[in-house]
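These are the residues of each chain, in order.
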Amino acid sequence: MDHVAPLANRSSRIGGFHKKSPQERLDLVAAFADLTPEAVAKLSDFGNLGADLADRMIENVVGTMNVPIGIATNVKVDGEDVLVPMATEESSVVAAVCNAARQNYEAGFTTSVSGNLMIAQVQAVEVRDPHAARIRILERREEIRALCDGCDPVLVRFGGGFRDLEVRVLDTLGGPMVITHLIVDTRDAMGANAVNTMAETLAPHIAAWSGGRVYLRILSNLADRRLARAHATWRVEEIGGEGVRDGIVSAYHFAEADPYRAATHNKGIMNGISAVVLATGNDTRAIEAGAHAYASRSGRYTSLTRYEVDADGHLSGSIELPLAVGLIGGATKIHPTAQACLKILGVTSAERLARIIAAVGLAQNFSALKALATTGIQKGHMALHAQNIAMMAGAVGEEIERVARILVERGSVRTDLAQSALEEIRRA
Ligand code: MEV
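Per chain, residue numbering runs from 1 following the sequence as it is written. Selection of residues for local features in this predicted model requires a pLDDT of at least 70, selection of side-chain atom pairs for listing and counting requires 80 or more, and totals for whole chains, interfaces and linings are taken over all residues. Side-chain descriptors were evaluated using all non-hydrogen atoms of the structure, hydrogens and water having been removed beforehand.

(A) Structural context of the site of the ligand. Throughout, near means a residue has at least one heavy atom within 4 Å of the molecule or strand. The local shell around the ligand consists of Glu-90, Arg-261, Thr-264, His-265, Lys-267, Gly-268, Asn-271, Ala-368, Leu-372 and Ile-377. Within the side chain of Asn-271, an N or O atom sits 2.9 Å from an oxygen atom of the ligand. Only the protein chains shown count as covering a residue, and every accessible area follows the Shrake-Rupley method with a 1.4 Å probe. When the ligand is considered free in solution it has 300 Å² of accessible area, and contact with the protein chains removes 85% of it. Listed by contribution, the elements that provide at least two residues to the shell around the ligand are helix H10 (259-279) and helix H14 (350-373). Secondary structure counts use DSSP, requiring at least four H or I residues in a row for a helix and at least two E residues in a row for a strand, with both numbered from the N terminus. Ranked by residues supplied to the shell around the ligand, first place goes to H10 with six residues. Identification of polar contacts relies on pairs of N or O atoms within 3.5 Å, with a donor-acceptor requirement for protein atoms, meaning one able to donate a hydrogen and the other able to accept it, and with residues adjacent in sequence counted only if both atoms are side-chain atoms.

As structure tokens, this is what we get:
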């Protein structure tokens, strides 16, 4: 496409934008933002998703955002070797999982889940007798089961459906609310659509039974009936001795005690977890929200992992967090990359996917803590980071590796130094 002349009037009010094709929208955006033809060409490369599919996934599509997928090797989960695709823009994340898993490859990770249960909430307000209303709703359990299961016969056929009912009276700034929880087995689906439909179907009944007014009907991302757990033992001689082991345990104690540290500690865990969630087309924000809410369940935000020294002096690590991931629904089924990643993982159930992801979270955290407690994080980051900086300084092709090597040798990864290194190479 030729360079489109910038718009005289840069208004974001563009009538009918949603009805246009991705290319037509991109032309308008290019004019608005004065994009170069190169930038337009990059944006309009839809990769393996294709413009049609992308345009169906979200609104007002103009392009796609490619993120590299790396494979974590050495990972063994419940006795089975697995190659783990990870989609992330951050260097060292994939290497961290490979390294942690190499150091406990023989034993690997042992995992479990608490179930596939999702929670949907129905909010009733202005209830005159909230405690009695709670009991009236609980009495309707079988009726509620039938209504919920009637929403999704396919889910029921696959062994899922309504499982339980909870009703809470919640004290709020706006007075007491009656909050109904529908607890639903969503099998291999993440389950958002299924449980949201159930909550919406049930809403008028809850309004009638409670005598109140129903507002919100939506799932909870605090999926604490869908926990995934993993544990692993790192032999003390494999990880560099007692000093390293104790440094990792102390790092955990720090995160356990301090929300400032726990936020970063858990961010590292999510580096691993979100990368697999994204690679498999699952909802990264749902998983992040659930993880951080779970980390706060005691009222104080804390670590999602724990580290102890076992009876033989080895390092015993564990993790537990909600992992509402699915194999069907959302982008998992329609994104060709997600389908390929699920095939690489060899998973045939959402439960197995959640278990692997929990193991990845623990592996990621082990490596981060080990690096932090010993050499520091920058050393490991250095090599790939140096390549990024080399590219930012204008290095291309073989120059990238050469500039990066010079930066690492000189022990300082800065754009100005990369520029002078590049000039040196080009002069030579
Ligand atoms: C960086 O993305 C993640 C770490 O900060 C995690 C941690 O501090 O545990 C290295």
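(B) View of the domain arrangement of the protein. Domain segmentation is taken from an automatic or database assignment of domains. Here the protein is described as being made up of domain 1 (7-57), domain 2 (69-113 + 227-365), domain 3 (117-219) and domain 4 (379-427). When each unit is reduced to the centre of its C-alpha atoms, the spacing between domain 1 and domain 2 is 37 Å. Only heavy atoms enter the contact rule, under which two residues are in contact if any of them lie within 4.5 Å. At the interface, four residues of domain 1 touch five residues of domain 2. Buried area: the accessible area, evaluated with a 1.4 Å probe, that two parts lose upon being put together, summed over both parts. For the domain 1 face of the interface with domain 2, the top three residues by lost area are Asn-48, Leu-53 and Met-57, together amounting to 83%. Counting across the domain 1 and domain 2 interface gives one residue pair in polar contact (both at pLDDT 80 or more). Its residues assigned to classes, the side of domain 1 that touches domain 2 shows three nonpolar, one polar and no charged. The residue classification treats Ala, Val, Leu, Ile, Met, Phe, Trp, Tyr, Cys and Pro as nonpolar and Asp, Glu, Lys and Arg as charged. All others, Gly included, are polar.

(C) View of the nonpolar core. Residues grouped as a nonpolar core are buried Ala, Val, Leu, Ile, Met, Phe, Trp, Tyr and Cys residues, joined through side-chain atoms within 4.5 Å. When a residue's accessible area, from a 1.4 Å probe over protein chains only, is under 20% of the maximum for its type it is buried; when over 50% it is exposed; and in between it is partly exposed. Formed by 59 residues in total, the largest nonpolar core has its most connected members in Val-84, Met-86, Trp-234, Ile-273, Tyr-307 and Leu-323. The dominant element in this core, judged by the number of residues it contributes, is H14, at eleven residues. If near-sequence neighbours (up to four positions away) are discounted, Trp-234 is found in contact with Ala-100, Gln-103, Asn-104, Phe-109, Ile-239, Tyr-307, His-314, Leu-315, Gly-317, Leu-362 and Phe-366. If you look at the next biggest cluster of nonpolar residues, it comprises 31 residues, including Cys-148, Leu-182, Leu-219 and Ala-223.

(D) Local environment of the sheet that holds strand E4 (residues 117-125). Paired strands, in this sense, are two strands between which DSSP finds at least two bridges. With antiparallel pairing, the four strands of this open sheet are ordered in space as E5-E6-E4-E7. Only two strands of the sheet have a single partner each, and these edge strands are strand E5 (161-172) and strand E7 (213-219). For this sheet the average axis-to-axis angle between neighbouring strands, irrespective of direction, equals 20°. Packed onto the sheet, helix H5 (residues 130-139) meets E5 and strand E6 (175-185) and runs at close to 180° relative to E5. Every axis in this analysis is a line fitted to C-alpha atoms, fitted for helices over the stretch in contact. Angles between the N-to-C directions lie between 0 and 180 degrees.

(E) Spatial organisation of unusual backbone geometry. Even without glycine at this site, Asn-74 takes up a positive phi of about 75°. In this structure, Asn-74 sits in strand E1 (residues 69-77). Even without being a glycine, Ser-92 presents a positive backbone phi close to 80°. Inspection of the secondary structure assignment puts Ser-92 in the loop between strand E2 (80-87) and helix H4 (93-102). The exposure class of Ser-92 is partly exposed, given its relative accessible area of 21%.

(F) Expanded view of the side chain of Asn-271. Along the polypeptide, Asn-271 turns up in helix H10. Filtering out sequence-adjacent residues up to four positions away, Asn-271 remains in contact with Glu-90, Val-93 and Gln-364.

(G) Representation of the pairing of strand E10 (residues 315-322). In terms of strand pairing, strand E8 (residues 227-234) meets E10 through eight bridges, oriented antiparallel. Within the sheet, the bridge partner assigned to Trp-234 lies in E10 and is Leu-315. Looking at chain direction, strand E9 (residues 305-309) and E10 are connected through five bridges and run antiparallel. Considered in E10, the bridge of Arg-306 is made with Ser-318. Here E9 hands over to E10 after five residues, with Gly-313 in that stretch at a positive phi of 85°.

(H) Looking closely at the environment of Glu-80. Take Glu-80: it is sitting in strand E2. Along the backbone, Glu-80 and Gly-108 are 28 residues apart, and their C-alpha atoms lie at a distance of 8.6 Å. Contacts of Glu-80, omitting those with residues within four sequence positions, involve Val-75 and Arg-352.

(I) Focus on the side chain of Ser-303. Along the chain, Ser-303 turns up in the loop between helix H11 (284-295) and E9. Polar side-chain contacts of Ser-303 include one of 2.9 Å to the side chain of His-265. Only 2.6 Å separates the side chain of Ser-303 from the backbone oxygen of Thr-305, close enough to count as a polar contact. Those residues in contact with Ser-303 that sit more than four places away from it in its chain are Tyr-252, Ala-255, Glu-256, Ala-262, His-265 and Asn-266.

(J) Structural detail: the packing of helix H16 (residues 398-410) against helix H17 (residues 415-427). Between H16 and H17, the shortest axis-to-axis distance is 9 Å and the interhelical angle comes to 125°. Put simply, H16 runs oblique to H17. In this structure, H16 crosses over H17, and the sense of that crossing is right-handed. Between H16 and H17, the contacting residues are Glu-399, Arg-402, Val-403, Ile-406, Leu-407 and Arg-410 on the first element and Leu-417, Ala-418, Ala-421, Leu-422, Glu-424, Ile-425 and Arg-426 on the second. Here the contact of H16 with H17 is composed, by residue class, of eight nonpolar, no polar and five charged. Reported orientations rely on four angle classes, namely roughly parallel under 35 degrees, roughly antiparallel over 145, roughly perpendicular from 65 to 115, and oblique for the rest. Put simply, a crossing is left-handed when the front helix is turned counterclockwise from the back one by less than a right angle, and right-handed when it is turned clockwise.

(K) Local environment of helix H9 (residues 242-257). For a helix, the expected span equals 1.5 Å multiplied by the residue count minus one. Between its terminal C-alpha atoms H9 stretches 22 Å, which fits the 22 Å expected from 16 residues at 1.5 Å a residue. Among all positions in H9, only Val-244, Arg-245, Gly-247, Ile-248, Val-249, Ala-251, Tyr-252 and Ala-255 are buried.

(L) Quick peek at the sheet that holds strand E3 (residues 110-113). Pairing in this open sheet of four strands is antiparallel, and the strands run E3-E8-E10-E9 from one edge to the other. The open sheet is flanked by E3 and E9, the only strands paired with a single partner. Neighbour to neighbour, the strand axes of the sheet diverge by 15° on average, direction disregarded. Lying over the sheet, H9 contacts E9 and E10, oriented at roughly 140° with respect to E9. Relative to E10, H11 is tilted by about 115°, and along the sheet it contacts E8 and E10.

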